[in-house]
Amino acid sequence: MDAKLSPDQGLSITGIGLVSLLGIGLGIAAIVFDVVAGRMPWLATSLTMPLLFCALISAGIGYWVVPWLQALKAGQIIREDGPQAHLKKAGTPTMGGIFFIPVATVVACVWSGFDGTVLAVAALTLSYGFIGWLDDWQILRRKSNKGISPKMKLMLQITFALMFCCWLIVNQYSNSFDITKIALPLGFSLPLGLLFWPLAGFVLVAESNATNLTDGIDGLAGGTVAIAMLALGVLVAPTSVPLMIFCAAMSGSCLGFLAHNRNPARVFMGDTGSLALGGGLAAVALVSNSLVALFILSGIFFVETLSVMAQVGYYKATKGPDGKGKRLLKMAPLHHHLELSGWSELQVVAVFYVIAAILAACCFGLSLV
């Protein structure tokens with residue numbers, strides 16, 4: 001795609017049109033995978049029903065919560081050094097994660113019959129959502145882009161990650177597989193032993209932060225996570241129906257949220273939503289021994305994170321006597337660089353959705369090998 005396209009060229013689809021296509025696509029995919037797996041799509045133990053139910057509930061609750069957030073004046077503080085087109089978003093309410101994350105976790109817990117694994121994954125998801133809420137609340141209270149300190153955020157993420165790993169250690173004795181042996185394609189495995197545990201903690205913290213960095217354009221994080229969650233649900237379904245239900249519920253809840261977050265957004269998910277989504281993805285992958293699949297499905301989040309690391313590293317490496325360095329990108333993360341290069345928000349989101357779907361297809365292909 002030509003990076004010189006103006007926002008009014010090259011893509012005629014609207015925000016609601018793009019999200020509608022995503023919702024229809026994921027709905028059809030859920031039905032197809034249910035039928036192929038021999039599950040009836042209208043039954044509770046399917047991908048389709050939790051997906052549709054959470055999408056409808058989240059979208060419906062949003063019509064009550066969004067005006068409430070507006071009344072609370074929970075408006076987003078927009079970075080002045082960011083894309084100028086974003087300045088008009090100032091005042092759009094944030095903390096949207098407070099309604100669609102609880103919907104998904106509660107529905108998943110009830111729908112799965114309060115399965116122990118789902119309860120643990122839901123607890124980790126809500127814990128990371130709580131960290132995000134603290135950050136969002138401090139940003140709103142101080143009327144700046146600075147929430148809780150990075151050290152405090154990292155400490156809380158590590159603390160909850162350690163708690164989840166402790167649960168994993170206790171729970172591994174009831175598993176039919178050794179959780180410390182990472183499953184690889186072609187039937188191979190990588191035995192990590194004690195090294196698995198620091199890796200598990202790193203995955204939880206890194207995935208949540210990577211998802212958080214991707215949340216910067218209307219509908220971007222919500223849509224890409226919806227695709228990744230449904231794909232992960234398909235992959236874990238043969239070994240754990242409860243985890244499949246959790247993934248389908250989270251994917252559906254993201255779709256419901258997109259009814260309000262699609263371009264032009266009426267609400268942002270904030271750290272409350274993005275940290276929770278990343279934590280949920282990582283938790284499911286760790287419990288189901290799907291780290292390779294998680295790495296592939298998180299390709300967009302990984303590249304977004306690398307773009308930030310490369311930007312910071314290059315700036316420091318080229319810093320001159322005046323204390324100023326050169327920028328590798330026009331702005332990090334990558335989606336902002338593309339915007340400043342002439343892409344419209346809808347172009348970025350549409351392309352990232354397609355890439356996320358391709359990554360999901362790659363995971364399905366590897367699972368068949």
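Points about the nonpolar core
- Grouped together as the largest cluster of nonpolar side chains are 103 residues, with contacts concentrated most on Tyr128, Phe164, Leu204 and Phe246.
- With near-sequence residues (within four places) excluded, Phe164 lies in contact with Ala120, Val121, Leu124, Leu204, Ala283, Leu286 and Val287.

Considerations on the state of the cysteines
- Applying the stated criterion to the full structure yields zero disulfides.
- For the unlinked cysteine Cys166, the closest cysteine sulfur is that of Cys165, found at 7.2 Å.

Quick look at the packing of helix 1 (residues 15-36) against helix 7 (residues 220-236)
- Contact geometry of helix 1 with helix 7 gives a least axis separation of 11 Å together with a crossing angle of 0 degrees. One finds that helix 1 runs roughly parallel with respect to helix 7. Contact with helix 1, carried on its side by Leu22, Leu26, Ala29, Ala30 and Phe33, involves Gly223, Ala226, Ile227, Leu230 and Val234 of helix 7 and no other residues of that element.

As for the confidence of the model for the chain
- Here the chain averages 90 in pLDDT, and 90% of its residues register 70 or above.
- When pLDDT is averaged over each element of the chain, helix 8 (residues 241-261) comes out on top at 98 and strand 1 (residues 181-183) at the bottom at 89.
- Note on residues 1-10: pLDDT under 50 across the span, and 18 contacts to partners over four residues away in sequence or across chains.

Notes on the packing of aromatic side chains
- Summed over the entire model, instances satisfying the criterion amount to 11 aromatic pairs.
- For the ring pair Phe99 and Phe100, a centre distance of 6.2 Å and an interplane angle of 75 degrees mean the geometry is edge-to-face.
- For the pair Phe196 and Trp197, a centre-to-centre distance of 5.0 Å together with 85 degrees between the ring planes defines the contact as edge-to-face.
- Judged by relative accessible area, Trp197 falls into the buried class, the value being 16%.
- Members of the aromatic cluster, joined through ring pairs, are Phe99, Phe100 and Phe257.

Regarding the environment of Leu134
- Locating Leu134 in the fold gives a position in helix 4 (residues 116-142).
- Dropping the residues within four chain positions of it, Leu134 is found in contact with Ile148 and Leu156.

With respect to helix 5 (residues 150-171)
- Over its 22 residues, helix 5 runs 31 Å from end to end, which matches the ideal 32 Å to within 8%, given 1.5 Å per residue.
- Residues of helix 5 that are buried sit in contact with helix 4, helix 6 (196-214) and helix 9 (270-287).

What counts and what doesn't
Residues numbered from 1 in each chain as written. Predicted model: local features only at pLDDT ≥ 70, side-chain atom pairs only at ≥ 80, totals over all residues. Heavy atoms only, no water. Core = buried A, V, L, I, M, F, W, Y, C linked by side-chain atoms within 4.5 Å. Buried < 20%, exposed > 50% of the residue type's maximum accessible area, 1.4 Å probe, protein only. Contact = heavy atoms within 4.5 Å. Disulfide = S-S within 2.5 Å. Axes fitted to C-alpha atoms, helices over the stretch in contact; angles between N-to-C directions. Helix = DSSP H or I, 4+ residues; strand = E, 2+ residues; numbered from the N terminus. Parallel < 35°, antiparallel > 145°, perpendicular 65-115°, else oblique. pLDDT = per-residue confidence, 0-100. Phe/Tyr/Trp six-rings, centres within 6.5 Å; stacked < 30°, edge-to-face > 60°. Expected span 1.5 Å × (residues − 1).

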